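Listed below are the residues making up each chain.
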Amino acid sequence: MNHTTRVLAALLTLTPAALLAQGVIVAPTAVFIDHATRAGSITLYNPGDQPVEVSVSFGFGYPTTDSAGAIRVEVTDSAPAGQPAATAWLQAFPRRVTMGQQDRQTIRILATPPAGLPDGEYWARLIVSAKGGQVPVAGVPDSGAISVGLTLEVRTVIAVVYRKGALTTGVTMAPMSASYANDTVSVRLPMTRTGTAAYVGTARVRVADSRGATRAEEERALGVYYSFDPLIDVPVGPLPPGNYMVHVTVSADRSDLPPKVVLPAPPVRDSVGFTVK
Amino acid sequence: MRSTLHARRLLLGVALLVLPGALRAQSVTGIRNLTFGTVVPGVPTTVLQTDGVRSGQFRIAGVLIRNVTITFTLPPVMNGPAGATMPLTFTNTSAGFTTVFQGNTPFNPNTPYNETVFLNATISIGGRVSPSPTQRSGNYSAPIVMTVIFL
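Computed from a predicted model, the values in this text were never measured in an experiment. (Residues numbered from 1 in each chain as written. Chains lettered and ligands numbered in written order. Predicted model: local features only at pLDDT ≥ 70, side-chain atom pairs only at ≥ 80, totals over all residues. Heavy atoms only, no water.)

What to know about the overall build of chain A
- The helix and strand tally for chain A stands at one helix and 21 strands.
- Residue burial in chain A is summarised as follows: out of 277 residues, 52% are buried.
- Sequence-distant contacts, at least 24 apart, represent 71% of the contacts inside chain A between residues at least 6 apart. (Helix = DSSP H or I, 4+ residues; strand = E, 2+ residues; numbered from the N terminus. Buried < 20%, exposed > 50% of the residue type's maximum accessible area, 1.4 Å probe, protein only. Contact = heavy atoms within 4.5 Å.)

Some points on the overall build of chain B
- Along the backbone of chain B there are one helix and ten strands.
- Mapped in sequence order, the helices and strands of chain B form the string α-β-β-β-β-β-β-β-β-β-β.
- Taking all 151 residues of chain B together, 51% fall into the buried category.
- Pairs at least 24 apart in sequence give 73% of the contacts found in chain B among residues at least 6 apart.

Observations regarding the side chain of Glu153(A)
- Looking at the secondary structure, you find Glu153(A) in strand β11 (residues 146-164).
- Among the polar contacts listed, one links the side chain of Glu153(A) to the side chain of Arg155(A), at a separation of 3.4 Å.
- When near neighbours in sequence (up to four residues on either side) are disregarded, Glu153(A) contacts Ser129(A), Ala130(A), Lys131(A), Phe58(B), Ile144(B), Val145(B) and Met146(B). (Polar contact = N/O pair within 3.5 Å; in protein donor to acceptor, adjacent residues only side chain to side chain.)

Section: the confidence of the model for chain B
Residues and elements named next belong to chain B.
- Counting all residues, the mean pLDDT for chain B is 82, and 82% of those residues have values of 70 or more.
- Below pLDDT 50 for its whole length, residues 15-23 participates in 14 contacts with residues either more than four positions away or in separate chains.
- The complex model carries a pTM of 0.81, and its ipTM stands at 0.76. (pLDDT = per-residue confidence, 0-100.)

Quick look at the nonpolar core
- Of all hydrophobic cores here, the largest spans 64 residues; its most connected members are Ile42(A), Val54(A), Ile70(B) and Phe72(B).
- If one sorts the elements of this core by residue count, β11(A) sits on top with eight residues.
- Setting aside residues up to four positions removed in sequence, Val54(A) forms contacts with Val24(A), Leu44(A), Arg95(A), Arg96(A), Val97(A), Met99(A), Val128(A), Ser129(A) and Ala130(A).
- Val157(A), Val185(A), Phe228(A) and Ile232(A) belong to the second-largest nonpolar core, a separate cluster that totals 35 residues. (Core = buried A, V, L, I, M, F, W, Y, C linked by side-chain atoms within 4.5 Å.)

Examining the pattern of salt bridges
All names here are of chain A.
- Under the counting rule described, the total for this entry stands at nine salt bridges over all chains.
- For the salt bridge of aspartate 119 with lysine 164, the shortest nitrogen-to-oxygen distance reads 2.9 Å. With aspartate 119 in the loop between β9 (104-111) and β10 (120-131) and lysine 164 in strand β11, this pair connects stretches of sequence that are 45 residues apart.
- For arginine 204, the salt bridge identified is with aspartate 253, shortest N-O distance 2.8 Å. In this pair, arginine 204 is assigned in strand β16 (residues 199-208) and aspartate 253 in the loop between β20 (242-251) and β21 (268-276), connecting sequence segments 49 residues apart.
- By relative accessible area, arginine 204 is classed as partly exposed at 28%.
- Ionic contacts of the salt-bridge type, sharing partners, join the residues Arg204, Glu219 and Asp253 into one network. (Salt bridge = Lys/Arg side-chain N within 4 Å of Asp/Glu carboxyl O.)

Structural notes on the sheet that holds strand β14 (residues 184-188) of chain A
Residue and element names in this part refer to chain A.
- Spatially, β13-β14-β19 is the arrangement adopted by the three strands of the open sheet, whose pairing is antiparallel. On the outer flanks of this sheet lie β13 (177-181) and β19 (231-235), each paired with one strand and no other. In this sheet, neighbouring strand axes are inclined to one another by 20° on average, regardless of whether the strands run parallel or antiparallel.
- In terms of strand pairing, β13 meets β14 through five bridges, oriented antiparallel. Among the inter-strand pairings, serine 179 is bridged to a residue of β14, identified as serine 186. (Pairing = 2+ DSSP bridges. Axes fitted to C-alpha atoms, helices over the stretch in contact; angles between N-to-C directions.)

Some details on the side chain of Glu121(A)
Residues and elements named next belong to chain A.
- Take glutamate 121: it is sitting in strand β10.
- A distance of 2.8 Å separates a polar atom in the side chain of glutamate 121 from a polar atom in the side chain of tryptophan 123.
- Here the side chain of glutamate 121 touches alanine 198 through a polar contact of 2.7 Å, landing on its backbone nitrogen.
- Other than its neighbours up to four places away in sequence, glutamate 121 contacts Pro84, Val161, Tyr162, Arg163, Leu167, Thr196, Ala197, Ala198 and Leu263.

Some remarks on the sheet that holds strand β17 (residues 214-224) of chain A
Residue and element names in this part refer to chain A.
- Reading across from one edge, β17-β16-β20-β21 is the order of the four strands in this open sheet, with antiparallel pairing throughout. The open sheet has two free edges, formed respectively by β17 and β21, since each of these has just one partner strand. Going from strand to strand, the sheet's axes swing by 15° on average, the running direction of each strand aside.
- Sheet analysis places β16 next to β17, joined by ten bridges and oriented antiparallel. Following the sheet pairing, valine 205 is matched in β17 by glutamate 218.

A look at the environment of Pro190(A)
Residue and element names in this part refer to chain A.
- Within the secondary structure, proline 190 sits in the loop between β14 and β15 (191-195).
- Its relative accessible area of 19% is what places proline 190 among the buried residues.
- Along the backbone, proline 190 and isoleucine 158 are 32 residues apart, and their C-alpha atoms lie at a distance of 24 Å.
- Beyond its immediate chain neighbours, meaning those up to four positions away, proline 190 contacts Thr172, Met173, Ala174, Pro175, Met176, Phe228 and Asp229.

Below, the structure written as structure tokens:
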């Protein structure tokens, strides 16, 4: 049993309810393609007992934050001018397939970059659309019946990263801010990426009281492509009046990605205080 | 709080120990269709996202503490026989997000919704259909598309 089969088999064990669902399991969670091989793949699995129509396409987008710190990814069909996009020269085979119950399908991703492509990292988003059959609702069995059916379609969007040459990455962090309200400490982390590749890592937030004792912790996976200023809410419960500190460490590690695809970078640490009156 | 994060870390550690590569896959699946049942002309019918039988339900599974952005493509009308349409609306609490560590959190399916998923999450959706008093009888249908972007 190869690695991918073990992954899929184990996932089914963890999510038995998926056997009755419309949709597909997609592995891995992100695709990294090296210029030397110019190819990658994903594996799809239909765990349900109904056929699923699957289509694969590419778009462009990366995580950004708005003024309130909410994270968004706007996926467009094509990349704006000047962006390091791989969208135009990636192809998936096959692009459309109907998967029967408990079918498995490998989708190969081939890259045909333009000649003379400069060293760097190029981005795209892979969109896997899965559509099951329409399920009409049975109405009353007479000629005046109005029955309503809604077709479900699910789309899974994952990152595709193409890398050429030696790459560097890192983040710098502007002064953080923290506030407490409604039993929650809200932290803003204004970050800017450095180097030639997106920063992939994890932010770990620790709220401590005046004695240094930890009151709450939170961690978030990060993808910093340019500037990124997310709001991280840390539930802490009711805090007695006093002075508190928020300690943040941003490090280049991810528990959901193979270590070999996460580019190394020195950790960044910062702290900020707040007072509960 | 600390106990919640520690519980997540414990589960994550056990999972990775037992199935080291197993959780590097994700699934987004439709579990249950949004069902309005019998619809009477002239009488709006609402299904709450908390309805345990009729609400639509999706599930995100196999994710390790990932930020996701959830968006819906929601049809304004359903299409029926001979070009007839029926209005379909969604309010700012027509969707809900639930995980093992977090009870149902309502959200607006008309705008992008950002959350953190640990292993599994359930997204539910309700809605409201408004048939006219002279609504043509027959089958009405529309697609609901849920897009999950893994950040």
